[in-house]
Amino acid sequence: MSKRAATQPQPEGAVGPRKPCPCGSGKRYKNCHGRAGGAADVIVTRPFEGLAMEPELVALREFVPSATAKLPLRDGSPVTLASVLPMAAAALRRNDDVAFVGMQVQTHSGDISRDLARAIEWVGQAEVGESLPVVGPETAEAGSIPPRLQDVLDVDAKLDIELHSDFAWWLPEDVEPTGEVALSLERANAAIMPTERLHGLEAAYWVDAGEKAHLRWVRPEPEEKLLSAMARLSARGELALGEESRYAGSFRAHGLLVPVWDLDPDMHAREWDEPAAALGRRLDEALTSLDEQPLDAAERRARDGLRGRQVTIR
């Protein structure tokens, strides 16, 4: 290659090889989407950042068993987001022409947001009855960057989630399952743990696990700030939802912290609506107080104790 060819100006909108990759990975473009294979090996630890629905997406991805929600796509396309589809498919167009994309899927890349956007693109062009088993590695042409959820959704919209007691919605209403389909549905339904969304709260779910019930609450705050607010409540003895509950610990999922409480399994989900709402108000107050009043010694010890009860699952 001649020196002149090597120094020719790049097309308008092109990304320089030494510039940060626009995908947000933190790598140079030449080491990310600018190289062969794209960014399939780049792990995006907080894939839904910037979306108002982020906590609910994490919940649907990690522990909500059977749920659906209409996606607020910018182009208005009718696509339904599902917690899980038959055979854990990435997307399908049902026989009645209803389009679905799944959250609980196998993935071959490190960016779930980009995989979901590609599944949405696929299902928009799919024929009736077609299914996409998995979204594969990036195959975009060099110089182009496939969209992410943040590019195709209304970022300020929330999800109107519908919980289901079984997976009957996998099939159109007028279709009776038979054979392997009926067996698959029976197995999926048997694995469901009863789950309810607590009223008036975002991404807060009551789950009946048999011997215990739990509250799993995906929180949008930065981890350190949330931990400090929870430590403030813990030091005051105000971190539980009442006498029939206890704080069990938390797990990290896709960049957010998910605190978990053990609950009395004999109490119905609706009995926890107000105690959880009251806890939410205490948390909000503690979060606000951190701006003016740093943690004292007892609260710092409480924070260290909370840190010891964390695990990372994604």
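Residues numbered from 1 in each chain as written. Predicted model: local features only at pLDDT ≥ 70, side-chain atom pairs only at ≥ 80, totals over all residues. Heavy atoms only, no water.

With respect to the overall build of the chain
Definition in use: Helix and strand definitions follow DSSP, with helices as H or I runs of at least four residues and strands as E runs of at least two, each counted in order from the N terminus. A 1.4 Å probe rolled over the protein chains alone gives each residue an accessible area, and that area as a share of the maximum for its type sets the label: buried under 20%, exposed over 50%, partly exposed in between. The criterion used for residue contact is that any of the two residues' heavy atoms lie within 4.5 Å. For accessible areas, the Shrake-Rupley method is used with a probe of radius 1.4 Å. Any residue's cover is judged against the shown protein chains and nothing else.
Tallying secondary structure elements over the chain gives eight helices and 12 strands in all. The burial tally for the chain puts 46% of its 314 residues in the buried class. Taking the intrachain contacts of the chain between residues at least 6 apart in sequence as the baseline, contacts between residues at least 24 apart amount to 64%. Roughly 16,300 Å² of accessible area belongs to the chain as shown, and the carbon and sulfur atoms make up 49% of that amount.

Things to note about the nonpolar core
Here is the rule we go by: Throughout, nonpolar core names a set of buried Ala, Val, Leu, Ile, Met, Phe, Trp, Tyr and Cys residues whose side chains join them through atoms within 4.5 Å.
Core analysis: the biggest nonpolar cluster contains 40 residues, and F48, L57, L71, V101 and L159 have the highest contact counts within it. Membership of the second largest hydrophobic core comes to 31 residues, among which are M230, L241, A269 and L295.

Focus on unusual backbone geometry
Even without being a glycine, A203 presents a positive backbone phi close to 55°. Mapped onto the elements of the fold, A203 is located in the loop between β7 (195-197) and β8 (204-208). Among the residues examined, A203 registers a relative accessible area of 0% and is labelled buried. Positioned with a positive phi, H254 is a non-glycine residue whose angle comes to about 55°. With respect to the helices, strands and loops of the structure, H254 is situated in the loop between β10 (245-253) and β11 (256-263).

Notes on the sheet that holds strand β6 (residues 162-163)
As a reminder, the rule being used: When DSSP finds at least two bridges between two strands, those strands are taken to pair. Angles shown run from 0 to 180 degrees and are taken between the N-to-C directions of axes, each axis being a line fitted to C-alpha atoms and, for helices, limited to the stretch in contact.
With respect to topology, six strands assemble into an open sheet ordered β5-β3-β4-β2-β1-β6, the strand pairing being mixed. Either end of the sheet is taken by a strand with one partner, and the two such strands are β5 (131-132) and β6. Examined bridge by bridge, strand β3 (residues 91-93) and β5 share two bridges and lie antiparallel to one another. Across the sheet, the residue bridging to L92 is S131, located in β5. Packed on one face of the sheet, helix α3 (residues 112-125) meets β2 (79-82), β3, β4 (99-102) and β5 and runs near 15° to β3.

A word on helix α7 (residues 273-289)
As a reminder, the rule being used: Residue count minus one, scaled by 1.5 Å, sets the expected span of a helix.
Look at α7: 25 Å from first C-alpha to last across 17 residues, which is about the 24 Å you get at 1.5 Å a residue. For α7, the set of buried residues is D273, A276, A277, A278, L279, G280, L283, A286 and L287. Tucked into the core, α7 has its buried residues touching β9 (213-217), α6 (223-235) and β11.

With respect to the packing of aromatic side chains
Worth spelling out the cut-off: In this scheme Phe, Tyr and Trp rings, the latter by its six-membered ring, pair at centre separations within 6.5 Å, and the angle between planes marks the pair as stacked below 30 degrees, edge-to-face above 60, and tilted otherwise. Consider the ring centre and the ring normal. A charge sits over the ring if Lys NZ or Arg CZ is within 6 Å of that centre and within 35 degrees of that normal.
One pass over the structure, following the stated rule, counts eight aromatic pairs. Taking the centre distance of 6.5 Å and the plane angle of 90° together, the rings of F63 and F251 count as edge-to-face. Here F63, found in the loop between α2 (54-62) and β1 (67-70), pairs with F251, found in strand β10; they are 188 residues apart in sequence, far enough to count as distant. Look at F63 and you get buried, because its relative accessible area is 11%. Accessibility expressed as a relative area gives 13% for F251, which makes it buried. With 6.4 Å between their ring centres and 80° between their planes, W169 and W170 make a pair best called edge-to-face. Here the two residues W169 and W170 agree in accessibility, since each one is buried. Looking at R219, its charged tip hangs above the ring of W217, at a distance of 4.7 Å from the centre.

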